[in-house]
Amino acid sequence: MKAGSARDDVLRLEGVSAAYGSHEVLFGVDLRVGRGEVVGLIGPNGSGKSTLVGVVSRVLRPTAGCISVDGGRIESFGRRELARRLAVVPQGARLPEGFLVAEVVRMGRTPFVGLLRGAGAEDELMVERAMKQTGVWDLADRPVEGLSGGEQQRVVLARALAQGPRVLVLDEPTSHLDLRYQAELLRTARAAAASGVGVLVVMHDLNLAARACDRLSLLSDGRVVVEGRVEEVLARPRLERVYRTEVEVFSSPGGPLVVPRV
Ligand code: ADP
Ligand code: MG
């Protein structure tokens, strides 16, 4: 399902700038993710992708511009209110130690559980569904310390899905995964989109991005250079300019294939 009008946007950034002290990193970034859409954020190392994830998750306050989630400005939400709408898996996310897998995934329900409302059947159902979707159901009773990097990455995603968010933001979620789990993770992201979630995924691998995303946004030195359909964005001259290296772009049934010339 592709997004239609701006009214369907579940995540929107308008003119967003950000800096670490005096070091400016993002310059007037516009980006939108519609309901049911998977949007890929690509760009060279240091172009500001994780910084963008940081401002969306309110780890970093933008110096200009505005960000809205599910139609409301992010600063208007309380922490729990925001967490019910937006789930973020940061780059290299670590799991809290000393817990079992199922306990960690259950933490995704914390924004919904309060003093007046303990965890109920619906929460358990969301937890179970998220664990099955990410293939960690069989790991439920395992301590998280004993898991491989790839298994941990899937548990982190399960916790995010258990939040039942409107917007899911993933920063390089496939980095520790082998081919099978790369494919499964991206299929899971697509399944979340098919159920109406807007997904923003930061991808290092252009070829995976080409296969998993409806649209791509290419960042270079903190600016969006181009945004649009996969084939439009992954054009050779532009990639060579932005990545400062020669590349070859082949067409294949699954989408463009980008290979650096060595
Ligand atoms: P990407 O995720 O695209 O690789 P980042 O958003 O992590 O890029 O980094 C963008 C720029 O911001 C880089 O120049 C990086 O060195 C700088 N940067 C990132 N995090 C911090 C930080 N915590 N403090 C200072 N500078 C940072
Ligand atoms: Mg990064």
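Quick caveat, the model's predicted, so the values are computed rather than measured.

Parameters at a glance
- Residues numbered from 1 in each chain as written.
- Chains lettered and ligands numbered in written order.
- Predicted model: local features only at pLDDT ≥ 70, side-chain atom pairs only at ≥ 80, totals over all residues.
- Heavy atoms only, no water.
- Pairing = 2+ DSSP bridges.
- Helix = DSSP H or I, 4+ residues; strand = E, 2+ residues; numbered from the N terminus.
- Axes fitted to C-alpha atoms, helices over the stretch in contact; angles between N-to-C directions.
- Near = heavy atom within 4 Å.
- Polar contact = N/O pair within 3.5 Å; in protein donor to acceptor, adjacent residues only side chain to side chain.
- Areas by Shrake-Rupley, 256 points an atom, 1.4 Å probe, with all protein chains shown as cover.
- Nonpolar A, V, L, I, M, F, W, Y, C, P; charged D, E, K, R; others polar.
- Donors = N, O, S within 2.8 Å, 3.2 Å for Na, K, Ca; no water.
- Buried < 20%, exposed > 50% of the residue type's maximum accessible area, 1.4 Å probe, protein only.
- Domains from an automatic or database assignment.
- Buried area = accessible area lost by both parts, 1.4 Å probe.
- Salt bridge = Lys/Arg side-chain N within 4 Å of Asp/Glu carboxyl O.
- Right-handed = clockwise from strand over helix to strand, strands pointing away.

### Regarding the sheet that holds strand β3 (residues 38–42)
- In space, the six strands of this open sheet follow the order β6-β7-β8-β3-β9-β10, with mixed pairing throughout. The strands lining the two open edges of the sheet, one partner per strand, are β6 (86–89) and β10 (223–228). Sheet twist, expressed as the average angle between the axes of neighbouring strands with direction ignored, equals 15°.
- Across five bridges, the pairing between strand β7 (residues 167–171) and strand β8 (residues 198–202) is parallel. By the bridge assignment, L168 is partnered in β8 with V199.

### Focus: the site of ligand 1
- Every residue close to ligand 1 is listed here: Y20, H23, V25, P44, N45, G46, S47, G48, K49, S50 and T51.
- At 3.4 Å, a side-chain N or O of Y20 approaches a nitrogen atom of ligand 1.
- Note that an oxygen atom of ligand 1 is positioned 2.8 Å from one of the backbone N or O atoms of G46.
- When isolated, ligand 1 has an accessible area of 570 Å², and the protein chains bury 58% of it.
- Listing elements by their share of the shell around ligand 1, those giving two or more residues are β2 (23–34) and α1 (49–56).
- Of all the elements, α1 adds the most residues to the shell around ligand 1, at three residues.
- Across the shell around ligand 1, the residue classes tally to three nonpolar, seven polar and one charged.

### Quick look at the coordination of the magnesium ion (ligand 2)
- Protein-derived ligands of the magnesium ion (ligand 2) are S50 (OG) and Q91 (OE1), with the metal-ligand distances lying across 2.1 to 2.3 Å. With a gap of 41 residues between them, S50 in helix α1 and Q91 in the loop between β6 and α3 (101–106) connect regions that are remote in the sequence.
- Residue classification places S50 among the partly exposed residues on the basis of a relative accessible area of 32%.

### Focus: the domain arrangement of the protein chain
- Assigned domains of the protein chain: these are domain 1 (6–85 + 166–260) and domain 2 (98–164).
- For domain 1 and domain 2, the distance between their C-alpha centroids amounts to 25 Å.
- When the two sides are added together, the surface that domain 1 and domain 2 hide from each other amounts to roughly 1300 Å², 58% of it contributed by carbon and sulfur.
- When the buried area of domain 1 at its contact with domain 2 is split by residue, R80, R84 and T188 rank highest and sum to 36% of it.
- Linking domain 1 with domain 2 are zero salt bridges, by the criterion used here.
- Counting the contacts that link domain 1 with domain 2 gives eight residue pairs in polar contact (both at pLDDT 80 or more).
- Mapped onto the side of domain 1 that touches domain 2, the elements with two or more residues apiece are α2 (79–85), β7 and α6 (179–194).
- Sorting elements by how many residues they give to the side of domain 1 that touches domain 2 places α6 first, with five residues.
- For the side of domain 1 that touches domain 2, the class distribution of residues is nine nonpolar, four polar and four charged.

### With respect to the pairing of β7
- Counting buried residues along β7, five of its five residues qualify, which places the element largely inside the surrounding structure.
- The side-chain alternation of β7 yields two buried faces, one formed by V167, V169 and D171 and the other by L168 and L170.
- Note that β6 and β7 share four bridges and pair parallel. Along β7, the bridge assignment pairs L86 with V167.
- Since β7 and β8 lie parallel, the crossover through α6 that links them has a hand, and here it is right-handed.

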